[in-house]
Amino acid sequence: MMNGKKVAVVLPGLNVKGTLERTLRAIPSSYVDVSIFVDDGSSDGCGELAASLGCVVMRHAKNLGYGAGQKTGYREALAQGADVVVMVHPDFQYKPELVPAMTAMVAHGDYDVVLGSRLLVRGALKGGMPRWKYVVNRGLTIFENTLMGSGLSEFHTGYRAFSRKFLEEMPLAECRNDYVFDNEVLAQAIHFQYAIGEMSCPAHYFEEMQTITFGPGVKYGIGCVKTASAMRMHALGARTAPFLDRQARKLEDWHEGKRVSPATSSVGAS
Ligand SMILES: Nc1nc2c(ncn2[C@@H]2O[C@H](COP(=O)(O)OP(=O)(O)O)[C@@H](O)[C@H]2O)c(=O)[nH]1
Ligand SMILES: [Mg+2]
């Protein structure tokens, strides 16, 4: 709990047995009420490991994607009564020690969406971000800020915290199941004028982490351009984007994923 608010950490993961324990142990646990690991069809037993380390474990029988993993995790977090939800990548890429700071921005700061930005201050390249990733990130961010009328330092961080209000109100079930989910979520926050906060966080690149590969990376880049264009067209009234339609499907309409641990609980979610 922080400031009377219940805190959930959501970790969407695919084959992260090598980094999961390190990630979980690095999260300062005193403020965290529940950690929810989403095993997205992994084959390395990371779901069982997460359960043995005390996580609530949600499972997709087959791989549905990083965005789908978030949907399942956030739905469960709401079912568990969370007021603040922080996403931490279980590949240990974003500093888990900063969870209390991310949480505080929502619990005390009146923000609905908080981004841990690697580009708010300089240092991403020193942290090991490949130069081409830095250039693409900067380029896409400038393009998106221009089209969306925003002023974010980066759109592409995977370190994020959300208020319950945002997760309940947004048509998140309409967002894509792949990496572009992250981009559409920010478009929603900007379009509906939720309070977005940024906090700096170190970029961390190392041997065992996972990162988007070339094919999905290109798909992601194209997806970002589509997101920004769709938002612009929607704002102009030219074409409705379902993920920007307040009446469209929300997390309560997302039915993928089953809780596998603990097997039974008084809190109801499938
Ligand atoms: N649920 C789910 N998680 C995934 C999938 N692909 C990657 N992830 C997880 O999402 C996080 C971000 O993906 P990653 O490949 O590291 O992308 P990065 O942000 O470019 O480093 C990692 O912790 C992965 O374990 C997927 O298909 N499903
Ligand atoms: Mg990664």
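Look up: the structure comes first, before these words.
What counts, and at which threshold
Residues numbered from 1 in each chain as written. Chains lettered and ligands numbered in written order. Predicted model: local features only at pLDDT ≥ 70, side-chain atom pairs only at ≥ 80, totals over all residues. Helix = DSSP H or I, 4+ residues; strand = E, 2+ residues; numbered from the N terminus. Buried ≥ 20, exposed ≤ 12 C-beta atoms within 10 Å, placed from the backbone. Near = placed C-beta within 6 Å. Core = buried A, V, L, I, M, F, W, Y, C linked by C-beta atoms within 7 Å. Contact = placed C-beta atoms within 7 Å. Axes fitted to C-alpha atoms, helices over the stretch in contact; angles between N-to-C directions. Parallel < 35°, antiparallel > 145°, perpendicular 65-115°, else oblique. Left-handed = near helix turned anticlockwise from the far one by under 90°. Nonpolar A, V, L, I, M, F, W, Y, C, P; charged D, E, K, R; others polar. Pairing = 2+ DSSP bridges. Arc of directions from axis to C-beta.

Novice: Help me understand unusual backbone geometry, please; the structure alone is not making it clear to me.
Specialist: A negative phi holds for most residues other than glycine; trans holds for most peptide bonds. At the junction of Ser261 and Pro262, the peptide bond is cis and its omega measures out at -10° in the coordinates. Within the secondary structure, Pro262 is located in the segment after β8 (258–261). Non-glycine residue Asn15 carries a positive phi angle of around 50°. Within the element layout of this structure, Asn15 appears in the loop between β1 (7–13) and α1 (17–26). If you check the backbone angles, Gln193 has positive phi at about 55° while not being a glycine. Summarising the element assignment, Gln193 is placed in the loop between α7 (181–191) and β7 (196–200). Note on Gln193: 8 C-beta atoms within 10 Å, which makes it exposed.

Novice: Even after reading the chapter, I still don't get the site of ligand 1, so can you show me in this structure?
Specialist: Close to ligand 1 lie 18 residues, the nearest being Asp40, Gly69, His89, Gln210 and Ile212. The set of elements that each furnish at least two residues to the shell around ligand 1 consists of β1, β2 (34–40) and α3 (66–79).

Novice: How should I be thinking about the nonpolar core in this particular structure?
Specialist: The tendency in soluble globular proteins is for nonpolar side chains to be buried as a group. In this structure, Val9, Val10, Ile36, Val85, Val86 and Ala161 are the most contacted members of the largest nonpolar core, which totals 69 residues. Element by element, the count of residues in this core is highest for α7, at 6 residues.

Novice: For this particular structure, what's the right way to read the environment of Ala8?
Specialist: The residue Ala8 is located in strand β1 in this model. Its 27 C-beta neighbours within 10 Å are what place Ala8 among the buried residues. In the structure, Ala8 is positioned 164 residues away from Leu172 in sequence and 18 Å away in space, judged by C-alpha atoms. Beyond its immediate stretch of four places on either side in the chain, Ala8 contacts Asp33, Val34, Ile36, Ala77, Gln80, Ala82 and Val85.

Novice: Would you mind going over the packing of α7 against helix α8 (residues 214–235) with me for this structure?
Specialist: The description of two helices packed together rests on the angle between their axes and the distance between the axes. Where α7 contacts α8, the two axes come as close as 9 Å, and the packing angle between them is 25°. When the axis of α7 is compared with that of α8, the two are roughly parallel. Handedness of the α7/α8 crossing: right-handed. Here Asn183, Glu184, Ala187 and His191 of α7 come into contact with α8, specifically with Gly223, Cys224, Thr227, Met231 and Ala235. Taken together, the residues that form the contact of α7 with α8 break down as 4 nonpolar, 4 polar and 1 charged.

Novice: Which parts of the structure should I look at to understand the sheet that holds β1?
Specialist: Strand pairing in a sheet takes place through backbone hydrogen bonds and is either antiparallel or parallel in direction. Spatially, β7-β5-β6-β4-β1-β2-β3-β8 is the arrangement adopted by the 8 strands of the open sheet, whose pairing is mixed. What marks the edges here is a single partner per strand, and that holds for β7 and β8. With direction set aside, neighbouring strand axes in the sheet form an average angle of 25°. Here 3 bridges tie strand β3 (residues 56–60) to β8, and the two strands are oriented antiparallel to one another. Looking at the pairing, Arg59 lines up with Lys258 of β8. Against the sheet, helix α4 (residues 99–107) engages β1, β4 (84–87), β5 (113–117), β6 (160–163) and β7, with an angle of about 145° to β4.

Novice: Teacher, can you tell me more about the pairing of β6 here?
Specialist: Along a regular strand, successive side chains alternate from one face of the sheet to the other. Neither face of β6 is exposed, since Arg160 and Phe162 on one face and Ala161 and Ser163 on the opposite face are all buried. With 4 bridges connecting them, β4 and β6 associate as antiparallel partners. Across the sheet, the residue bridging to Val84 is Ser163, located in β6. Sheet topology note: the β5/β6 ladder contains 3 bridges and is antiparallel. Among the inter-strand pairings, Leu115 is bridged to a residue of β6, identified as Arg160.

Novice: Which parts of the structure should I look at to understand the environment of Glu198?
Specialist: Here Glu198 shows up in strand β7. C-beta crowding within 10 Å serves as the criterion here: with 19 such atoms nearby, Glu198 is assigned to the partly exposed category. C-alpha separation for the pair Glu198 and Arg160, spaced 38 residues apart in sequence, amounts to 9.3 Å. Beyond its immediate sequence surroundings of up to four residues, Glu198 is in contact with Leu115, Ser117, Leu120, Leu152 and Ser153.

Novice: Would you explain α1 in this entry?
Specialist: Think of an α-helix as 3.6 residues a turn; residues three or four steps apart then line up on the same face. The set of residues buried in α1 consists of Thr19, Leu20, Thr23 and Leu24. Down the axis of α1, the buried side of the element spans an arc of 135°, and every buried residue falls inside it. Close packing links the buried residues of α1 with β1, β2 and α2 (46–52).

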